[in-house]
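Below are the chains, spelled out letter by letter.
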Amino acid sequence: MAVARAKGKLKGKQPKLTARQQAHLVKEHTSGEHTIADLAELPLPCRIRR
């Protein structure tokens, strides 16, 4: 497993959100417009058409 990890072939579970999507949600929360509960009710951005 160490050899596969060193070659980048061993990967864990992929994140549900991309870094860009996560940054967007954090920005929405820190702006004060939305609470965590509000953001949790939104559909996942990865399911929205691009």
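Note that this is a predicted model, so its numbers are computed, not measured.

Participant: Teacher, can you tell me more about the overall build of the protein chain here?
Facilitator: The helix and strand inventory of the protein chain stands at three helices and zero strands. Secondary structure elements of the protein chain, listed N to C terminal, follow the sequence α-α-α. For the protein chain, the exposed surface amounts to about 4,900 Å²; the carbon and sulfur share of it is 57%.

Participant: Could you clarify how one ought to interpret the confidence of the model for the protein chain in this entry?
Facilitator: In regions of low pLDDT, the predicted coordinates are not meant to be interpreted in detail. Confidence along the protein chain averages 79 in pLDDT terms, with 84% of residues attaining 70 or more. Considering each helix and strand of the protein chain separately, the mean pLDDT is smallest for helix H1 (residues 2-7), with a value of 78, and largest for helix H2 (residues 19-30), with 89.

Participant: Please explain H2 as it appears in this structure.
Facilitator: Along an α-helix, residues three or four apart share an orientation, since each turn contains 3.6 residues. Counted at 1.5 Å a residue, the expected span for H2 with its twelve residues is 16 Å, and the 16 Å between its end C-alpha atoms agrees. One or two residues past the end of H2 sits Gly32, with phi positive at roughly 90°.

Cut-offs and rules
Residues numbered from 1 in each chain as written. Predicted model: local features only at pLDDT ≥ 70, side-chain atom pairs only at ≥ 80, totals over all residues. Heavy atoms only, no water. Helix = DSSP H or I, 4+ residues; strand = E, 2+ residues; numbered from the N terminus. Areas by Shrake-Rupley, 256 points an atom, 1.4 Å probe, with all protein chains shown as cover. pLDDT = per-residue confidence, 0-100. Expected span 1.5 Å × (residues − 1).

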